[in-house]
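For reference, the chains in residue letters:
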Amino acid sequence: MKRSVIALLGFASLLAVSCGTPKAATETETEKIVTYAITFDTGKATLKPEADQEILRIRDLMKKYPELKYEVQGHCDNTGSNATNDKLSQQRAEAIVARLVELGISYDRLTPVGKGSREPIADNKTEEGRAKNRRVEFVRQ
């Protein structure tokens, strides 16, 4: 059975994919949150100011459901070496976790993991594909 997925494109609507069939989902049924709205300065782990809106939404969700725990995964495109991308994605995941902790979420509910460029979801040969691969995933634990 496939894990449920919500794409946070403004967090306005929650969609789950279960066994390949889209359906309405409650916030606690989702297994993975994928977002492109948490952005960083190029080549750095510095959160851009506009990323805070999405991070605040995650904070609100976690405050509403205190049983939620997430592995926070940073993903990169394939620009640069694997070693560079592994380090950068880990630092970015840690930056998100640090911000959530600043906002009152307990560190023991969050696990930062850098995935580098090893798990692409799109073709890295195009700018559009590389943009899709630069993402953050919150995987429910």
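Our structure is the block above this text.
Residues numbered from 1 in each chain as written. Predicted model: local features only at pLDDT ≥ 70, side-chain atom pairs only at ≥ 80, totals over all residues. Heavy atoms only, no water.

J.: For the environment of Arg130, give the residues involved together with the corresponding values.
T.: By the element assignment, Arg130 lies in helix H3 (residues 127-133). Taking C-alpha positions, Arg130 is 8.4 Å from Thr79, a pair spaced 51 residues apart along the chain. With near-sequence residues (within four places) excluded, Arg130 lies in contact with Asp77, Asn78, Thr79, Asp123, Asn124 and Lys125. (Helix = DSSP H or I, 4+ residues; strand = E, 2+ residues; numbered from the N terminus. Contact = heavy atoms within 4.5 Å.)

J.: Just give me the short version of the nonpolar core, but keep the residues and values in it.
T.: Counting 21 residues, the largest nonpolar core has Ile38, Tyr70, Ile96, Leu100, Leu110 and Phe138 as its most contacted members. Only helix H1 (51-64), strand E5 (70-75), helix H2 (82-102) and strand E7 (135-140) provide two or more residues apiece to this core. Not counting chain neighbours up to four residues away, the residues in contact with Phe138 comprise Glu31, Lys32, Ile33, Thr35, Ile38, Ile58, Tyr70, Glu71, Val72, Ile96 and Leu100. (Core = buried A, V, L, I, M, F, W, Y, C linked by side-chain atoms within 4.5 Å. Buried < 20%, exposed > 50% of the residue type's maximum accessible area, 1.4 Å probe, protein only.)

J.: Lay out the pairing of E5 in plain terms, naming residues and giving numbers.
T.: Counting buried positions along E5 yields six of six residues, so the element is predominantly enclosed. Side chains Tyr70, Val72 and Gly74 of E5 all project onto a buried face; the interleaved residues Glu71, Gln73 and His75 project onto the opposite face, where all are buried too. In the sheet, E5 pairs with strand E6 (residues 110-116) via six bridges, with the strands oriented parallel. Residue pairing in the sheet places Tyr70 in a bridge with Leu110 of E6. Handedness of the β-α-β unit built from E5, H2 and E6 comes out right-handed. Pairing of E5 with E7 involves six bridges; the strand directions are antiparallel. What sits directly across from His75, in E7, is Arg135. (Pairing = 2+ DSSP bridges. Right-handed = clockwise from strand over helix to strand, strands pointing away.)

J.: Could you give me a rundown of H2, with the residues and numbers involved?
T.: Between its terminal C-alpha atoms H2 stretches 30 Å, which fits the 30 Å expected from 21 residues at 1.5 Å a residue. For H2, the complete set of buried residues consists of Asn85, Leu88, Ser89, Arg92, Ala93, Ala95, Ile96, Val97 and Leu100. Considering only its buried residues, H2 is in contact with H1, E5, E6 and E7. A positive phi of about 105° marks Gly104, the residue just after H2. (Expected span 1.5 Å × (residues − 1).)

J.: How would you summarise the environment of Ala131 if you had to cite specific residues and measurements?
T.: Structurally, Ala131 can be placed in helix H3. Once the C-alpha coordinates of Ala131 and Asp77 are considered, the two residues, 54 residues apart in sequence, prove to be 7.2 Å apart.

Interpretation in functional terms is not warranted from these geometric data alone.
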